[in-house]
Amino acid sequence: ETGVTQTPRHLVMGMTNKKSLKCEQHLGHNAMYWYKQSAKKPLELMFVYSLEERVENNSVPSRFSPECPNSSHLFLHLHTLQPEDSALYLCASSQERGGSYNEQFFGPGTRLTVL
Amino acid sequence: AQKVTQAQTEISVVEKEDVTLDCVYETRDTTYYLFWYKQPPSGELVFLIRRNSFDEQNEISGRYSWNFQKSTSSFNFTITASQVVDSAVYFCALTRYSSASKIIFGSGTRLSIRP
């Protein structure tokens, strides 16, 4: 595997389900990100992890819960979602050097549909 | 406040035509980075270029070229002799030098290249 991988690629879930999105980066980076991309809206940064510590939570509802067990893996745990949460969820990684965050490399995304 | 504006929502040109995608940004920072990403139908954002605010030199990479002008706060992207494979959504982005959480994406320009 190379680059950034995400599983599953597609997910359909009911509002009462619990599911998790997985992201893995094979680039040796030390920062990872979750983004939400809804139709006709700009990319929204949700969470940032640097050196496995969460450095930013951009007012994301608590029904989204991130987890970063190590620098290569990032999860997004989902529970009691709403239909408006349907979107493409993108994971990215980058190399942080001395506080400077370099270009981010993205995974293919998980297309989430909440019924 | 930081802001990225891509005024062109959609552009359609015939193959082999040149096309320029506009990007205008707002920031009060003196040090920042600008990026362009390509998102093909597969969904994965592909990094194209990063430009440091101190480097106003234009860059050319094959059929791609970028024109960075601080005086007009613009970072435009030109594709020369466009090809059908260039069809995608293109995003311009801005980030503070030392803050991954402050990356701001434009709303994107959907480029369609007709054969």
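As the structure is a prediction and not an experimental result, all values here were calculated from the model.

**A closer look at the overall build of chain A**
Looking only at helices and strands, chain A features zero helices and 13 strands. Walking chain A from its N terminus toward its C terminus, one meets helices and strands in the order β-β-β-β-β-β-β-β-β-β-β-β-β. Here chain A has a C-alpha radius of gyration of 13 Å; the compact-globule value for 115 residues is 13 Å, and the two agree. Each principal axis of the C-alpha atoms in chain A carries an extent, and together these give about 40 × 30 × 30 Å. Within chain A, the fraction of its 115 residues that count as buried is 51%. A sequence separation of at least 24 residues applies to 54% of the contacts in chain A between residues at least 6 apart. Computing the positive centroid from 11 side-chain charges and the negative centroid from 11, chain A places the two 10 Å apart.

**Remarks on the environment of Asn52 of chain B**
Residues and elements named next belong to chain B. Position of Asn52 among the secondary structure elements: in strand β6 (residues 46-52). The exposure class of Asn52 is partly exposed, given its relative accessible area of 23%. Distance from Asn52 to Tyr97, taken between C-alpha atoms, is 8.7 Å for residues 45 residues apart in sequence. Excluding anything up to four places from it in sequence, Asn52 contacts Tyr32, Tyr33 and Phe68. Within the structure, the side chain of Asn52 is placed 2.7 Å from the backbone nitrogen of Phe54, a separation counted as a polar contact.

**A few points about the sheet that holds strand β7 (residues 64-70) of chain A**
Residue and element names in this part refer to chain A. Across the sheet, which stays open at both edges, the four strands sit in the order β1-β3-β8-β7 with antiparallel pairing between neighbours. Edge positions in the sheet fall to β1 (4-7) and β7, since each has one partner strand and no second. Between one strand and the next, the sheet's axes are offset by a mean angle of 20°, whatever the strand orientation. As paired strands, β7 and strand β8 (residues 73-79) are joined by five bridges and run antiparallel to one another. Of the residues in β8, the one forming a bridge with Glu67 is Phe75.

**Considerations on the environment of Ile103 of chain B**
Examined against the element boundaries, Ile103 of chain B turns out to sit in the loop between β10 (88-96) and β11 (104-105). On a C-alpha basis, the gap between Ile103 of chain B and Gln2 of chain B in space is 9.0 Å, while along the polypeptide they are 101 residues apart.

**With respect to the state of the cysteines**
As used in these notes, a disulfide is a covalent bond between sulfur atoms, one from each of two cysteines. Counted under the stated rule, the structure contains two disulfides over all chains. Here Cys23 of chain B engages in a disulfide with Cys92 of chain B; their sulfurs sit 1.9 Å apart. Its torsion about the S-S bond being -65°, the disulfide of Cys23 of chain B and Cys92 of chain B is classed as left-handed. Remark: Cys92 of chain B occurs in strand β10 and Cys23 of chain B occurs in the loop between β3 (19-21) and β4 (24-26); sequence separation between them is 69 residues. Free of any disulfide, Cys68 of chain A has its nearest cysteine sulfur in Cys91 of chain A, 9.1 Å distant. By relative accessible area, Cys68 of chain A is classed as buried at 12%.

**Notes on the interface of chain A and chain B**
Each partner contributes to the interface: chain A provides 22 residues, whereas chain B provides 20 residues. Both faces combined, the contact of chain A with chain B buries some 1,700 Å², and carbon together with sulfur accounts for 58% of it. Along the contact surface separating chain A from chain B lie one salt bridge. Notably, a salt bridge pairs Arg50 of chain B with Glu103 of chain A, separated by 3.3 Å at the nearest N-O pair. Across the chain A-chain B interface, the total number found is three residue pairs in polar contact (both at pLDDT 80 or more).

**Comments concerning the confidence of the model for chain B**
Model confidence for chain B is summarised by a mean pLDDT of 91, while 96% of its residues fall at 70 or above. Within chain B, no element has a lower average pLDDT than strand β7 (residues 59-61) of chain B, which sits at 86, and none a higher one than β3 of chain B, at 98.

Rules used throughout
- Note on numbering: residues in each chain are counted from 1, in written sequence order.
- Starting at A for chains and at 1 for ligands, labels are handed out in the order in which the entities are written.
- The predicted nature of this model means local features are confined to residues of pLDDT at least 70 and side-chain atom pairs, given and counted, to a pLDDT of 80 or more, with totals for whole chains, interfaces and linings taken over all residues.
- Heavy atoms throughout the structure, all of them, feed into the side-chain values; hydrogens and water do not.
- Each helix is a run of DSSP H or I of at least 4 residues and each strand a run of E of at least 2, with the numbering of both proceeding from the N terminus.
- The globule rule used for comparison is 2.2 Å times the number of residues to the exponent 0.38, while the radius of gyration itself is calculated over C-alpha atoms.
- Burial classes: relative accessible area under 20% of the type maximum marks a residue as buried, over 50% as exposed, and values in between as partly exposed (1.4 Å probe, protein chains only).
- The contact rule is simple, with two residues in contact once any of their heavy atoms fall within 4.5 Å.
- Positive charge is attributed to Lys and Arg, negative charge to Asp and Glu, and no charge count is given to His or to the chain ends.
- In this description, the location of a charge corresponds to atom NZ of lysine, CZ of arginine, CG of aspartate or CD of glutamate.
- Think of a polar contact as two N or O atoms within 3.5 Å of one another; within protein, one of them needs to be a possible hydrogen donor and the other a possible acceptor, and neighboring residues in sequence only count if both atoms come from side chains.
- For two strands to be treated as a pair, DSSP must find at least two bridges joining them.
- A fitted line through C-alpha atoms serves as each axis, taken over the contacting stretch for helices, and the angle formed by two N-to-C directions is quoted from 0 to 180°.
- Note on terminology: pairs of cysteine sulfur atoms within 2.5 Å are recorded as disulfides.
- Summed over both partners, the accessible area lost on bringing two parts together, with a 1.4 Å probe, is the buried area.
- Only one rule defines a salt bridge in this text: a Lys or Arg side-chain nitrogen within 4 Å of an Asp or Glu carboxyl oxygen.
- What pLDDT conveys is the predictor's confidence in a given residue, as a value from 0 to 100.

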